[in-house]
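Single-letter residue listing:
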Amino acid sequence: MSKLLEMHGISKSFYGTQALKDVDIKIEPGEIQAVCGENGAGKSTLMNIMTGILQADSGKIVFEGQELTDLNPRTAQEKGISIVHQELSLCPEVSVAENIFMGRVPEKKRGMVNFKQMRQEAEKVLDRLNLEIDVKKPVGKLGISEQQMVEIAKALSINAKILILDEPTSSLTDTESQILFENLMRLKEEGIAIFFISHRLKEIFQVCDSYTVLRDGEHVGNGKIEDVDPDDIVRMMVGRELDQAYPDKGTEVGKNILKVENISRKNEFKNVSFEVNEKEIVGLFGLIGAGRSETMRTVFGINQPESGKIELLDEDITANNTRKNIDQGLIYITEDRKEQGLFLDMDLNANVVAADLEQVSENSLVKKKKVNKIGEKFVEIMNTKYASLDQPVRSLSGGNQQKVLLAKWLAVEPRVLILDEPTRGIDVGAKFEIHSTLRELSNNGHGVMFISSELPEILGLSDRILVMHQGELVGELDAEGATEEDIMMYASGRKNDFKN
Amino acid sequence: MKILKNIKDSLGKELGALTGLVLLGIIMTLATPYFLTLTNLMNILRQSSLIAIAAAGMTFVIITGGIDLSVGSVLSLSSCLTAGMMVSLGWNVWVAVLLGLLIGALLGILNGVLITRIPLPPFISTLGMMGVARGLSFVYTDGAPIYGLPDSFKYLGAGMIGPIPFPAILMAIIYLISYFLLNKTKVGRYSYAVGGNEEAAILSGIDTKKYKTIVYALTGLFAALSGMILAGRLDAATSVAGDGFELDVIAAVVIGGTSLSGGRGKIIGSLIGALIMGVVRNGLNLLLVSSHWQRVILGLIILLAVTVDVVRKQSSEDQDGTLSAFFAGLKS
């Protein structure tokens with residue numbers, strides 16, 4: 001069968017960092033191909049080049065036997081290359097039909113929108129996906145999964161021949177994902193080629209025919225999905241054997257530092273109890289909506305529990321606000337470091353000392369010298385790569401940003417660190433460094449607790465694992481000997497140790 | 001039935017503002033016998049038309065997520081230049097008016113170019129334009145008003161058709177055109193897209209620069225028209241005309257329920273917003289409230305209107321429910 005699209009020797013660099021190096025990828029009509037790789041492996045960059053959002057530095061794109069030059073989003077659309085981005089790109093106040101035909105609304109006369117035709121065509125596209133949605137409704141009034149389908153409908157409405165789905169299931173429930181997959185099979189029958197980007201190997205093995213794996217911007221493998229098993233793919237993605245990917249586990253458990261007893265908040269979580277001890281790392285797992293972040297935000301004092309008790313070193317801190325908790329040595333590092341944790345346009349130093357200006361001040365005035373000293377010290381501890389301490393944090397890589405965020409909190413000398421998704425969006429190398437740092441902190445007597453949605457990380461880094469499901473703590477496991485299946489049994493609500 | 005439904009839909013979001021307008025009308029009627037007379041109501045329409053016309057353009061700009069601080073200065077510069085063409089140069093009224101409107105539109109286009117091509121934030125770009133246009137107006141007139149405008153020009157601001165002031169008719173025409181533009185054409189529909197999610201609009205292949213420039217041009221054009229009406233009514237064009245006008249215009253749009261963060265708003269709301277401001281000013285004048293207190297009260301009304309809007313939005317998508325209940329009640 002002839003290839004629909006072939007890309008040869010694609011390279012791209014940003015500000016001196018090589019994002020893609022000589023990458024090849026191709027697809028046939030009716031083929032569903034998984035594009036695998038860790039965060040930062042170059043998947044998004046490759047897809048952005050394919051859809052004309054970015055231009056490659058070198059390489060060749062051949063579509064239906066014709067070489068494409070000067071591809072931009074518009075010409076890519078005209079050719080039938082369509083992408084559904086991970087973050088939904090819809091206008092919430094605008095109707096479903098108008099969203100589907102955004103940028104291409106049918107016209108009556110010059111400039112006048114033909115609403116009737118637009119609605120009919122929108123309904124036709126939604127029909128192909130077996131969907132019944134009122135096309136006059138503003139998109140913002142739909143549920144997330146319906147919005148996702150509208151995105152796909154939008155992509156299809158341009159007579160797509162190639163459909164790129166970037167993490168399409170990340171915000172969908174299992175049932176919703178299955179509906180999506182049925183739709184993908186329908187599109188496959190129509191001869192549409194699909195690039196499927198997902199971190200969920202199970203899904204890849206369920207829907208895909210073939211795969212391409214990228215690592216650090218390079219093509220490391222491709223082939224038919226039936227010739228490999230999930231472990232092979234992971235090995236290609238990570239580039240080393242799995243068991244080497246995490247630092248050594250803790251050896252002994254110290255005394256109790258943090259004790260949470262039966263805390264509840266209406267509609268968020270109920271009767272959650274756990275402990276964090278010196279010299280151990282506790283991992284908290286749960287699916288989206290399990291109430292993990294909500295629980296941790298309450299422990300940290302952003303919200304107060306409606307009932308229950310929180311103790312830090314035998315002292316009652318239930319009613320503490322965040323400032324008091326920080327002063328007493330309990331800190332929480334948020335999931336979204338860009339939005340909540342760092343001042344991206346301020347320099348390294350300023351970020352490191354931001355949480356505690358007291359220690360760099362004299363008579364309420366901030367002393368530049370003290371700032372530099374502390375900044376230097378902690379950035380060094382964290383082994384952060386930087387050009388100068390005056391460098392804005394925005395210019396650092398994701399991994400180094402995360403390290404600056406850690407350094408900022410280490411500067412206040414915490415007893416317990418709670419981290420929400422500490423390695424999300426960070427490349428493999430930096431991930432390992434952050435894991436090692438956390439282990440080191442734990443060995444030095446800090447209590448460390450982290451939330452993660454990645455099972456391998458939960459298993460690899462934790463000494464003890466807690467699992468939440470629908471606002472309740474349902475399981476507690478020793479990481480030694482636990483498997484992904486064990487954890488999923490709890491996380492999906494099929495097993496509950498605490499229910500009597 | 002379909003017309004009824006259309007009216008229901010378009011009034012839906014403005015119900016809050018409309019209720020406010022009716023309530024204010026009732027209060028003023030009870031407070032002073034001079035309020036509810038034909039002459040006074042027509043007066044309100046004449047006075048409100050200035051803000052209302054400029055607010056129609058501003059609604060587009062704010063829906064795209066922008067702002068235009070230069071409308072007051074554009075009003076002044078274009079009306080002074082138009083007056084100059086007629087009085088000093090003795091040009092035909094039609095030619096002068098058309099050129100004056102064109103100048104307004106060009107100043108708007110310039111705003112649009114600065115905002116989309118450099119790109120400058122709309123606040124900064126139009127703040128600069130506010131200074132430049134106002135300054136040029138002073139330079140041109142040397143600070144002195146231009147008197148002796150032709151009668152046919154004065155008709156724009158002072159004329160009557162039957163009992164109805166001519167500016168009120170212009171206002172109605174502008175709102176019909178704006179309603180059509182905003183709801184039926186690409187310019188309007190894409191304005192919502194740009195303001196709602198600009199990234200998505202760009203990725204969908206919408207030429208956001210073009211559409212943004214168009215809405216600033218429209219605002220400049222409408223501001224210039226307001227300038228003509230004002231000069232016609234006062235029988236003078238002055239460089240101080242429309243000082244602080246931009247804030248009244250933005251207030252009218254905001255009172256009308258258009259969101260300053262973009263992507264959300266209705267044209268009818270801005271008309272109601274302008275009328276609310278007109279009714280309040282007129283009523284307070286009739287009640288002999290000092291202009292100092294009028295400022296306080298108008299400020300409070302802006303705060304109240306936006307608070308109501310924010311609370312309504314927070315109590316979520318529930319507005320649909322209450323509205324359909326309201327209309328169900330009307331039908332039975």
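This is a predicted model, so every value here is computed, not measured. (Residues numbered from 1 in each chain as written. Chains lettered and ligands numbered in written order. Predicted model: local features only at pLDDT ≥ 70, side-chain atom pairs only at ≥ 80, totals over all residues.)

### A look at the overall build of chain B
What counts is decided by this rule: Secondary structure counts use DSSP, requiring at least four H or I residues in a row for a helix and at least two E residues in a row for a strand, with both numbered from the N terminus. Exposure criterion: with C-beta atoms placed from backbone coordinates, a residue whose C-beta has 20 or more other C-beta atoms within 10 Å is buried, one with 12 or fewer is exposed, and one in between is partly exposed. Once C-beta atoms have been placed from the backbone, residue pairs whose C-beta atoms lie within 7 Å are recorded as contacts.
On a plain count of helices and strands, chain B comes out with 15 helices and two strands. Here chain B, with 332 residues, has 50% of them falling under the buried criterion. Taking all contacts inside chain B whose residues are at least 6 apart in sequence as the whole, residues at least 24 apart take part in 79%.

### Things to note about the interface of chain A and chain B
What counts here: Three classes are used: nonpolar for Ala, Val, Leu, Ile, Met, Phe, Trp, Tyr, Cys and Pro, charged for Asp, Glu, Lys and Arg, and polar for all others, with Gly counted as polar.
With 17 residues of chain A at the interface, the matching set in chain B holds 19 residues. Considered class by class, the residues forming the side of chain A that touches chain B number nine nonpolar, four polar and four charged.

### Side note on the UniProt feature "transmembrane region" (unreviewed entry) in chain B
To keep it simple, the criterion reads: UniProt positions are given in the numbering used here, feature names are shortened, and annotations may be inferred rather than shown by experiment.
Under the UniProt annotation, "transmembrane region" (unreviewed entry) lies at residues 15-38, 50-71, 91-110, 122-140, 160-182, 214-234, 267-287 and 293-311 of chain B. The span residues 214-234 of chain B carries 100% helix and 0% strand; its end-to-end C-alpha distance comes to 30 Å.

### Concerning the pairing of strand β20 (residues 447-451) of chain A
Burial within β20(A) is extensive, with five of its five residues counted as buried. Covered by surrounding structure in β20(A) are A:G447, A:M449 and A:I451 together with A:V448 and A:F450, the residues of both alternating faces.

### Observations regarding the domain arrangement of chain A
Heads up, the condition is: Segmentation of the chain into domains, including their bounds, is taken from an automatic or database domain assignment.
Entries for chain A in the domain assignment read domain 1 (5-238) and domain 2 (255-492). The straight-line distance from the C-alpha centre of domain 1 of chain A to that of domain 2 of chain A is 34 Å.

### Quick look at the packing of helix α12 (residues 245-255) of chain B against helix α13 (residues 267-286) of chain B
Residues and elements named next belong to chain B. To keep things clear, this is the line we draw: Lines fitted to C-alpha atoms define the axes, with helix axes restricted to the stretch in contact, and inter-axis angles between N-to-C directions lie between 0 and 180 degrees. For this classification, under 35 degrees means roughly parallel, over 145 means roughly antiparallel, 65 to 115 means roughly perpendicular, and everything else is oblique. A clockwise turn of the near helix away from the far one marks a right-handed crossing, whereas an anticlockwise turn of less than a right angle marks a left-handed crossing.
It is the contact of α12 with α13, at a shortest axis distance of 7 Å, that shows an interaxial angle of 120°. As far as their axial angle goes, α13 and α12 are oblique. Crossing of α12 against α13: the hand is right-handed. Contacts from D248, A251, A252, V253 and I255 in α12 reach S270, G273, A274, I276 and M277 in α13. Across the contact of α12 with α13, the residue classes tally to seven nonpolar, two polar and one charged.

### Notes on the packing of helix α3 (residues 38-63) of chain B against α13(B)
Residue and element names in this part refer to chain B. Where α3 meets α13, the closest approach of the two axes is 8 Å, and the angle between their N-to-C directions is 140°. Classed by the angle they form, the pair α3 and α13 counts as oblique. The two elements α3 and α13 meet at a crossing, and its hand is right-handed. Of the residues in α13, those touching α3 at N40, N43, I44, Q47, S48, I51, A52, A55, A56 and T59 are I267, S270, L271, G273, A274, L275, M277, G278, V279 and N282. A breakdown of the residues in the contact of α3 with α13 according to their chemical character gives 11 nonpolar, nine polar and no charged.

### Structural notes on the environment of B:S73
Residue and element names in this part refer to chain B. Along the chain, S73 turns up in helix α4 (residues 71-87). For S73, a count of 28 C-beta atoms within 10 Å puts it in the buried group. Along the primary structure S73 and Y179 are separated by 106 residues, whereas in three dimensions their C-alpha atoms are 25 Å apart. Those residues in contact with S73 that lie beyond four places of it in its chain are M129, M130, A133, R134 and S137.

### Describing the pairing of strand β13 (residues 281-285) of chain A
Residues and elements named next belong to chain A. How we decide: Note on pairing: DSSP must find at least two bridges between two strands before they are called paired.
In terms of residue burial, β13 counts as a mostly covered element, since five of its five residues are buried. Neither face of β13 is exposed, since I281, G283 and F285 on one face and V282 and L284 on the opposite face are all buried. Of the pairings in the sheet, the one linking β13 to β20 comprises four bridges and is parallel in character. The partner of I281 across the bridge, within β20, is V448. As paired strands, β13 and strand β21 (residues 464-469) are joined by four bridges and run parallel to one another.

### Description of the sheet that holds β13(A)
All names here are of chain A. In space, the six strands of this open sheet follow the order β16-β19-β20-β13-β21-β22, with mixed pairing throughout. Each having just a single partner strand, β16 (330-333) and β22 (472-478) make up the two edges of the open sheet. Taking each pair of neighbouring strands and ignoring which way they run, the sheet shows an average axis angle of 20°. Of the pairings in the sheet, the one linking β16 to strand β19 (residues 416-420) comprises four bridges and is parallel in character. Bridge pairing in β19 links I331 to L417. Docked against the sheet, helix α9 (residues 292-300) engages β13, β16, β19, β20 and β21, running at close to 150° with respect to β19.

### Focus on the nonpolar core
The cut-off we apply is this: Each nonpolar core reported here comprises buried Ala, Val, Leu, Ile, Met, Phe, Trp, Tyr and Cys residues connected via C-beta atoms within 7 Å.
With 163 residues, the main nonpolar core has A:I194, A:F196, B:I53, B:A54, B:A55, B:V249 and B:A252 as its most contacted residues. If one sorts the elements of this core by residue count, helix α11 (residues 208-234) of chain B sits on top with 15 residues. Once residues within four sequence positions are removed from consideration, A:F196 is found in contact with A:I32, A:Q33, A:A34, A:L165, A:I204, A:V207 and A:C208. Formed by 65 residues, the second largest nonpolar core is a distinct cluster that contains A:V260, A:M296, A:V404 and A:L461.

### What about α12(B)?
Residues and elements named next belong to chain B. The buried fraction of α12 amounts to 10 of the 11 residues, a majority that puts the element mostly inside the structure. Within the sequence span of α12, burial applies to F245, E246, D248, V249, I250, A251, A252, V253, V254 and I255. Just downstream of α12 lies G257, where phi reads positive at about 95°.

### Here we look at the environment of A:A411
All names here are of chain A. Within the secondary structure, A411 is located in the loop between α14 (398-410) and β19. Using a count of 21 C-beta atoms within 10 Å as the deciding quantity, one classes A411 as buried. The sequence separation of A411 and K377 amounts to 34 residues, and the corresponding C-alpha distance is 9.1 Å.

### As for the environment of A:E472
Residues and elements named next belong to chain A. Mapped onto the secondary structure, E472 falls in strand β22. Residue classification places E472 among the buried residues on the basis of 20 C-beta atoms within 10 Å. Considering only alpha carbons, one finds E472 and I27, 445 residues apart in sequence, at a separation of 45 Å. If we ignore the near neighbours within four places in the chain, the residues touching E472 are F269, K270 and N271.

### A short note on the sheet that holds strand β12 (residues 269-277) of chain A
All names here are of chain A. As summarised here, the arrangement of the four strands in space is β12-β11-β14-β15, forming an open sheet in which the pairing is antiparallel. Each edge of the open sheet is held by one strand with a lone partner, namely β12 and β15 (315-316). Sheet topology note: the strand β14 (residues 307-312)/β15 ladder contains two bridges and is antiparallel. Directly across from L312, in β15, lies its bridge partner E315. Sheet contacts for α9: β11 (256-265), β12 and β14; angle to β11, the most-contacted strand, approximately 115°.

### Examining unusual backbone geometry
Here the amide bond leading from B:I118 into B:P119 is cis, since omega sits at -10°, within 30 degrees of zero. Along the chain, the position of B:P119 falls in the loop between α5 (93-117) and α6 (122-141). Non-glycine residue A:D22 carries a positive phi angle of around 55°. In this fold, A:D22 is placed in strand β2 (residues 17-27).

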